[in-house]
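Per-entry structural report
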Amino acid sequence: MRRRILAWLAVLSLLFTGTVLVAPSAAAHPYCGQSWSSLAKSDPGMSRGQLTDVRAGRHACFDRLVLDVDRRLTGWSVRYVSRVVADGSGKVVPVRGGARLEVVARVGVAPTDEFFVGPGGRLVNTTGYRTFRDVVWAGSFEGVTTIGLGVRARLPFRAFVVDGPGHGSRLVVDVGHRWCAPGHADC
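Residues numbered from 1 in each chain as written. Predicted model: local features only at pLDDT ≥ 70, side-chain atom pairs only at ≥ 80, totals over all residues. Heavy atoms only, no water.

1. Description of unusual backbone geometry
Note the cis peptide between Gly164 and Pro165, where omega equals -5°. Looking at where Pro165 falls in the secondary structure, it is placed in the loop between strand E10 (157-163) and strand E11 (169-176). Positioned with a positive phi, Glu142 is a non-glycine residue whose angle comes to about 50°. Its location among the elements puts Glu142 in the loop between strand E8 (132-141) and strand E9 (144-151). (Helix = DSSP H or I, 4+ residues; strand = E, 2+ residues; numbered from the N terminus.)

Set out below in structure tokens:
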């Protein structure tokens, strides 16, 4: 009798409050909070700074590419393209992966700053990354610098500028490990 009363109270509580309890197994796959798309992102304009470094990192829900600039970055774009072309020459730059992002920072580089370019134009070793497959130098011409970012598939991404350190800034490109929408069974 007591169980029956408790069961009815639980049902009435759900009906009146709309509260649903989540079983621990359903909460084992947290939603990453991503509401990103695969559409182009940009901030038009030109910048006065120079690119000083390109680096990447791995996170639980996405891989991150960071372009360091020595001044405030006010002109950039990130978009999926069928092929990445070299600045100035227009030659196709080979970029490994199922999809390619063209990352453009409207800043130059000092003639001696190609020190960070590795063999074959590779900027970052992407071994062990879940989403990134390649980060390739595509050149710098007339104050526009392009990086080819190869990813395993056309996945959602976000791009934004973070101020600092000092007078510098960073263009951040996060590419999700998977498509995920709120309420989706795998999220």
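Text resumes after the structure shown.
2. Regarding the confidence of the model for the chain
Considering every residue of the chain, the mean pLDDT works out to 82; 74% of them sit at 70 or more. The secondary-structure element of the chain with the lowest mean pLDDT is helix H1 (residues 2-17), recorded at 54, while strand E4 (residues 76-81) shows the highest, at 98. (pLDDT = per-residue confidence, 0-100.)

3. A look at a positive patch on the surface
A contiguous patch of positive charge, built from Arg130, Arg133, Arg152 and Arg178, is present on the exposed surface. Its place among the elements puts Arg133 in strand E8. (Patch = residues over 30% accessible without salt bridge, like charges linked within 9 Å, V, L, I, M, F, W, Y side chains within 5 Å. Areas by Shrake-Rupley, 256 points an atom, 1.4 Å probe, with all protein chains shown as cover. Salt bridge = Lys/Arg side-chain N within 4 Å of Asp/Glu carboxyl O. Lys, Arg positive; Asp, Glu negative; His and termini not counted. Charge placed at Lys NZ, Arg CZ, Asp CG, Glu CD.)

4. Overview of the pairing of E4
In terms of residue burial, E4 counts as a mostly covered element, since five of its six residues are buried. Where strand E1 (residues 41-43) lies against E4, three bridges are found, and the strand directions are antiparallel. Within E4, the residue paired with Lys41 across the bridge is Val78. Pairing geometry for E4 and strand E7 (residues 99-105), over six bridges, is antiparallel. Residue pairing in the sheet places Trp76 in a bridge with Ala105 of E7. (Buried < 20%, exposed > 50% of the residue type's maximum accessible area, 1.4 Å probe, protein only. Pairing = 2+ DSSP bridges.)

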